[in-house]
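# Results of the structural survey
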Amino acid sequence: MNLPSLPMIPCPARGLLVSLCNLARQIDDWDNKIPYDQLIIQWCKENMHPYSIDFVYQELTEEGFDITGYDAELAARDGIFSIKDFMEDLEKLYTTALFYEALEGVCVADDDAAYDLYKEGKYFEGLPFFERFKCIHDRPDIDVNPAAIAAYFIRLCVVSLPSPV
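Here goes a summary of the coordinates provided.

The rules behind these values
Residues numbered from 1 in each chain as written. Predicted model: local features only at pLDDT ≥ 70, side-chain atom pairs only at ≥ 80, totals over all residues. Heavy atoms only, no water. Core = buried A, V, L, I, M, F, W, Y, C linked by side-chain atoms within 4.5 Å. Buried < 20%, exposed > 50% of the residue type's maximum accessible area, 1.4 Å probe, protein only. Helix = DSSP H or I, 4+ residues; strand = E, 2+ residues; numbered from the N terminus. Contact = heavy atoms within 4.5 Å. 1 Å grid on protein atoms, 1.4 Å probe; cavity = no way out; pocket = protein on both sides within 12 Å on 5 of 7 lines; lining within 4 Å. Points joined across faces, edges and corners; volume = space filled by probe spheres on them.

This part covers the nonpolar core. With 21 residues, the main nonpolar core has Leu23, Ile27, Ile40, Phe86, Leu90, Tyr94 and Phe124 as its most contacted residues. Put simply, the parts of the chain that give this core at least two residues each are helix H1 (11-28), helix H2 (36-46), helix H5 (83-107) and helix H6 (112-115). The leading source of residues in this core is H5, at 7 residues. With residues near it in sequence (within four places) discarded, Phe86 still touches Leu20, Leu23, Ile40, Pro50, Tyr51 and Phe81.

Below, the structure written as structure tokens:
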């Protein structure tokens with residue numbers, strides 16, 4: 001699955017988004033044997049602190065900052081983030097990027113990304129949004145002869161009829 005081209009996002013931000021999506025893809029890969037917390041730490045070392053970077057930077061570069069005193073403790077506290085929170089945010093970002101790609105494809109009659117949008121990963125689940133639009137002939141457990149299809153839709157209609165009051 002390709003990541004979206006995202007033409008409206010400036011280049012540095014696009015690079016950061018692609019980097020985060022690649023991290024999410026690596027974390028979510030069933031074949032990946034590296035613990036996700038190590039991958040996140042490695043990503044942060046190579047890229048940036050994922051939260052409040054402006055505030056932490058401001059604290060560290062203030063005139064009179066004392067690395068051996070209380071200032072350093074405050075900066076360390078502000079620089080620590082929850083891996084659990086990061087994973088939740090990463091999942092939201094990754095899912096949004098994949099949904100954008102799928103929706104962009106649907107708009108130009110390329111539904112491959114949308115068709116495969118719901119995948120169960122190691123840590124993240126895809127979106128089942130487009131599952132209801134899949135054709136029933138793609139399911140081997142459903143009989144696709146015309147009589148069976150008609151019976152299926154009749155059952156569906158009967159079940160969805162409002163009950164008499």
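After presenting the structure, the write-up continues.
This part takes up the environment of Gly121. By the element assignment, Gly121 lies in the loop between H6 and helix H7 (146-160). Residue classification places Gly121 among the buried residues on the basis of a relative accessible area of 13%. Each C-alpha atom of the pair Gly121 and Arg25 lies 8.9 Å from the other, and the pair is 96 residues apart in sequence. Not counting residues up to four positions away in its chain, the partners in contact with Gly121 are Asp28 and Trp30.

This paragraph deals with the layout of surface pockets. Taken as a whole, the largest pocket spans an internal volume of roughly 340 Å³. Taken together, 17 residues line the largest pocket, and the ones lying closest to its centre are Asp28, Tyr94, Leu98, Lys119 and Gly121. Mapped onto the lining of the largest pocket, the elements with two or more residues apiece are H1 and H5. Here the element with the most residues in the lining of the largest pocket is H5; it accounts for 3 residues.

Shape is all these values report; function is a separate question.
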